[in-house]
Amino acid sequence: MNTFDKYLLKKDKLIKRRIEIDSSLYEKLAKLVDIYDASINKLVNIAILEMIETENVQVYERPENEISESHNFAIRESSYLELEKFRDRYGLSIYKLTNIAIYNALNS
């Protein structure tokens, strides 16, 4: 692995999807944009990649009265295909899997 592989994602075709994100998770991602050189979209893609790599698909306790808001994302095609496999394997929607990935990344 060279230095660039360590810090940068390789190019991948992007698939545009509208995904519901729990508002508390989205707010935490928005705060990270001030810390990291990345957009919320990139942070979501990294969270999905990490969940796929670790196969850590544990449903988290969603706060009571949590609101979900739809947001447009450009998801890496290879990651989206893996999310579809996870959806079939675990019986969870893409929306839930994405929220799990974000939750895990925020709490790691």
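Residues numbered from 1 in each chain as written. Predicted model: local features only at pLDDT ≥ 70, side-chain atom pairs only at ≥ 80, totals over all residues. Heavy atoms only, no water.

**Q** Just checking my understanding: could you explain the packing of aromatic side chains for this structure?
**A** By the definition in use, this model includes two aromatic pairs. Considering the side-chain rings of Tyr 60 and Tyr 103, the 4.3 Å spacing of their centres and the 5 degrees angle between planes classify their relative orientation as stacked. Highlighted residues: Tyr 60 in the loop between helix H3 (40-54) and strand E2 (68-76) and Tyr 103 in helix H5 (residues 94-106), separated in sequence by 43 residues. Ring centres of Phe 86 and Tyr 90 lie 5.6 Å apart, and the angle between their planes is 70 degrees; on these two criteria the pair is classed as edge-to-face. Highlighted residues: Phe 86 and Tyr 90, both in helix H4 (residues 77-90), separated by four residues, approximately one helical turn. The buried category is assigned to Phe 86, whose relative accessible area is 1%. (Phe/Tyr/Trp six-rings, centres within 6.5 Å; stacked < 30°, edge-to-face > 60°. Helix = DSSP H or I, 4+ residues; strand = E, 2+ residues; numbered from the N terminus. Buried < 20%, exposed > 50% of the residue type's maximum accessible area, 1.4 Å probe, protein only.)

**Q** It is not clear to me how the side chain of His 71 should be interpreted in this structure. Could you clarify?
**A** Relative to the helices and strands, His 71 is located in strand E2. Apart from residues lying up to four places away in sequence, His 71 is in contact with Arg 17, Arg 18, Ile 19, Ile 21 and Tyr 26. (Contact = heavy atoms within 4.5 Å.)

**Q** Help me understand H4 in this model?
**A** Side chains three or four residues apart in an α-helix point the same way, a direct result of the helix having 3.6 residues per turn. Taking 1.5 Å per residue as the helical rise, H4 with its 14 residues ought to reach 20 Å, and the 20 Å between its terminal C-alpha atoms agrees with that figure. All of the buried residues along H4 are Ser 79, Tyr 80, Leu 83 and Phe 86. Here the buried residues of H4 occupy an arc of 110 degrees about the axis, which is enough to place them on one side. At its buried positions, H4 is contacted by strand E1 (14-22), H3, E2 and H5. Directly beyond the C-terminal end of H4, a positive phi value near 70 degrees is found at Gly 91. (Expected span 1.5 Å × (residues − 1). Arc of directions from axis to C-beta.)

**Q** Please explain the packing of H3 against H4 as it appears in this structure.
**A** When two helices pack together, you describe them by how their axes are tilted relative to each other and by the distance separating the axes. Running from N to C, H3 and H4 point in directions that differ by 50 degrees, and their axes come no closer than 10 Å. Taken together, the axes of H3 and H4 are oblique relative to one another. Viewed along their axes, H3 and H4 form a crossing whose handedness is left-handed. When H3 is examined against H4, the residues Ile 48, Leu 49, Met 51 and Ile 52 are found in contact with a partner set consisting of Ser 79, Glu 82, Leu 83 and Phe 86. For the contact of H3 with H4, a count of residues per class yields six nonpolar, one polar and one charged. (Axes fitted to C-alpha atoms, helices over the stretch in contact; angles between N-to-C directions. Parallel < 35°, antiparallel > 145°, perpendicular 65-115°, else oblique. Left-handed = near helix turned anticlockwise from the far one by under 90°. Nonpolar A, V, L, I, M, F, W, Y, C, P; charged D, E, K, R; others polar.)

**Q** When you look at the packing of H3 against H5 in this model, what are you seeing that I'm missing?
**A** The N-to-C vectors of H3 and H5 enclose an angle of 90 degrees; their axes lie 8 Å apart at closest approach. By the angle class used here, H3 and H5 are roughly perpendicular. Between H3 and H5, the residues in contact are Val 44, Ala 47, Ile 48 and Met 51 and Leu 97, Thr 98, Ile 100, Ala 101, Ile 102 and Ala 105, respectively. The residue inventory of the contact of H3 with H5, partitioned by class, reads nine nonpolar, one polar and no charged.

As far as function goes, none of this settles anything; it's purely spatial.
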